[in-house]
Amino acid sequence: MSSLMAIGALVRRDLRAFFRSRSQLYSSVALPLMLLAILGTGVNDGLDPKNIPDYVTFLTPGMIAMTAVFSSTFSSASYYQDRDSGILKVLLASPHSPRVVLLGKTLSAVIIGAAQALLVLAVAAAIPAIRFHWQYGVVQSVLIAFFAIVVLNLFLSGLGQLLASRISSMQGFHLVMNLVLFPFLFFSGAFFPLTDLPIWLNVLGRVNPLSYGVDMMHLALYADSAHGYFGLPLDFAVLTGLAVVVFYFGTARSVHPDR
Amino acid sequence: MNIVTAPGTAPSVASLTATPAIEASDLVYHYGERLALDSLSLTIPRGRIFGLLGPNGSGKSTLLSILVGRRIAEAGAVRILGEPLSHALRRRVGVVFQEPSLDAVMTVAETMDLQARMFGLKRRDADAATRVLLERVSLADRMSSPTASLSGGMKRRLELARALLTGPEVLLLDEPTLALDPDSRLRLWEHLLEANAEGRTLLLATNDVHEAERYCDEVALIDHGHPVAQGTPADLKRELRDESVRIDWDSDPTAEAAIIETWPGVGHVRIAGQTTHVTVDDASPFLARLFQQSGDRVRGVRIEHSTLEDVYFQLVGRGITPAVSDAEAEEEA
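Here is what the cut-offs are and how they apply
- Residues numbered from 1 in each chain as written.
- Chains lettered and ligands numbered in written order.
- Predicted model: local features only at pLDDT ≥ 70, side-chain atom pairs only at ≥ 80, totals over all residues.
- Pairing = 2+ DSSP bridges.
- Helix = DSSP H or I, 4+ residues; strand = E, 2+ residues; numbered from the N terminus.
- Axes fitted to C-alpha atoms, helices over the stretch in contact; angles between N-to-C directions.
- Contact = placed C-beta atoms within 7 Å.
- pLDDT = per-residue confidence, 0-100.
- Nonpolar A, V, L, I, M, F, W, Y, C, P; charged D, E, K, R; others polar.
- Expected span 1.5 Å × (residues − 1).
- Buried ≥ 20, exposed ≤ 12 C-beta atoms within 10 Å, placed from the backbone.

> I'm lost on the pairing of strand S10 (residues 226-231) of chain B in this one. Help?
Residues and elements named next belong to chain B. Looking at chain direction, strand S9 (residues 218-223) and S10 are connected through five bridges and run antiparallel. Bridge pairing in S10 links Leu 221 to Ala 229. Counted between consecutive antiparallel strands, the loop separating S9 from S10 contains two residues, among which His 224 sits at a positive phi close to 50°.

> Hey, could you run me through the sheet that holds strand S14 (residues 298-305) of chain B in this one?
Sheet strands pair via backbone hydrogen bonds, and the direction of the pair is either parallel or antiparallel. All names here are of chain B. Spatially, S12-S13-S11-S14 is the arrangement adopted by the four strands of the open sheet, whose pairing is antiparallel. Among the strands making up the open sheet, the edge pair consists of strand S12 (266-272) and S14. Along the sheet, successive strands turn relative to each other by an average axial angle of 20°, direction set aside. One ladder, built from six bridges, connects strand S11 (residues 243-249) with strand S13 (residues 275-280); its direction is antiparallel. Note on S13: the bridge partner recorded for Arg 246 is His 277. Packing of helix H10 (residues 283-294) onto the sheet brings it into contact with S11, S12, S13 and S14, and relative to S14 it is tilted by some 170°. Packing against the sheet, helix H11 (residues 308-316) makes contact with S11, S12 and S13, and its axis sits at approximately 95° to S12.

> Help me understand the confidence of the model for chain B, please; the structure alone is not making it clear to me.
Regions with low pLDDT carry predicted coordinates that are not meant to be interpreted in detail. All names here are of chain B. Put simply, chain B has an average pLDDT of 87, and 90% of its residues get 70 or more. Taken as a whole, residues 1-9 scores under 50 in pLDDT and shows 25 contacts with residues more than four places along the chain or in a different chain. Across residues 323-333 the pLDDT falls below 50, and counting only partners more than four positions away or on other chains, this stretch makes 20 contacts in the model. Predicted as a complex, the structure gets a pTM of 0.81 and an ipTM equal to 0.84.

> Looking at this structure, I do not really get the interface of chain B and chain A. What am I missing?
For an interface, size is often stated in terms of accessible area lost upon the parts coming together. Across the contact, 21 residues belong to chain B and 20 residues belong to chain A. In terms of residue count, helix H3 (residues 108-118) of chain B provides more of the side of chain B that touches chain A than any other element does, three residues in total. Tallied by class, the residues present in the side of chain B that touches chain A amount to eleven nonpolar, four polar and six charged.

> Would you explain the confidence of the model for chain A in this entry?
Chain-level statistics for chain A give a pLDDT mean of 89 and a share of 98% at 70 or above. When pLDDT is averaged over each element of chain A, helix H9 (residues 209-222) of chain A comes out on top at 95 and helix H2 (residues 22-47) of chain A at the bottom at 86.

> What exactly am I supposed to notice about H2 of chain A here?
Residues and elements named next belong to chain A. A rise of 1.5 Å per residue sets the reference length of H2, with its 26 residues, at 38 Å; its end C-alpha atoms lie 36 Å apart and thus fit the reference within 8%. Listed in full, the buried residues belonging to H2 are Ser 28, Pro 32, Leu 36 and Gly 40. Residues of H2 that are buried in the fold lie against helix H3 (55-85) and helix H5 (98-126). Following H2 by one or two positions, Asp 48 has its phi on the positive side, about 50°.

Okay, here's the thing in structure tokens:
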């Protein structure tokens, strides 16, 4: 009970800090929408891809995944701010294990990341140029997309904690997160379909955890059939399994307030 | 002044005479190859203001970080209030860290609220205790101010109020007055003395000799991770000569110091740059002889009562001057 109270307090604290940082709040939603408008329209009208007749709508799940990637990076980096401000020492001197502290911080990262991604989804759904197919029905498709967003954020926040446990500086952390996650984002199916790719890129796409989150959102929002996709059962199994394992180990990592 | 029991419990009279507040036995800790704690053993009775006095890097902060649970001793044992270290025990221990430990984005009230939540205090109790404590440290009118807007002294007082919020029986303080101006120091000490008057044990790590002498009931002098002496400031100085003469020279005084050391009535001679500190039985005949023999080289003289710094020098052979902090030592390691 007292651990739950502590986790709640930590989540509230990080949420409050997020809402006070207006620039982070606005840019997290503005950037994906800007990319949708510029990149989506540019590719759709400039390159006229034959395989993807509606590229802007195709790109939307990728932008939602990108929002989750950015958000988890920023939220995980707040660990370093807590360490440098000295507040981490105070939290670790409380009657709770470091795991409770990390759980509070990681859960707030999941909530912030998921809220941002859902906001992008909501705004995108209201744009007339973006035409979702909702092949499972609107409510079911929204629920599937919601699930994918939350689980993707669980995975990414856990991964952020795992990386933070190995990297001592915030600059190094940002560098590694970008180095690891950006390539993952590029061959996740977010920008182009994984079908009809050279075998090496197809293999990379299949071992990429982000691909399953993007695939799930494509199925829920963009596709009108499951043909050419991994399929919901595989997406669910891979994404959930990985998220649980990575989140578990991410929050079980050792914490030292000075490193 | 009301005793702020907070939602926790204030130390009872019975508990003050029970087991010691802190018992550390044979603690060993290394930073890399550097030995920070060398079989350190200490017993700190309840209800005291106990000072750990030594230069930076002597192991004071390392001992405190072990007591807080930030580091785990490689050997030895620690008991606080008769119990081995545990997460649950932290409810009875408050901490004020050496470095600032406030979130700049949070307000004063939010800082207190987070502490209350982390320690599982009921909201009504926590709110009441927060009001009393912030009133007490003169921050009641700054409840909605971001901590970043507070002065150094205010931040320290807030950190103290936060540590007291949970009603700790033992308060660990790592150089709490470091970098504070004299007024802020004095105010902080008023609050610390109040906390002690309520029966709380204060363990203070410091390299401020005057602070230790003035406020501590008992002091342990620490050198290279080992206590070289322990007692009341008066007891520790009992063996020492009464007065200390500080002499400023026009150049390196090594040769003069060697001569002065042989004079009758002279205790220890310590050199710090172009200054010597000499403990003497009686300053008058000493000064007469000094000016007679080396008056042309003396630029200034000041007579003081002997301090714990002199005791430390007598025991260790060097002064309590900042050298390298534990954190720096750890980084080097």
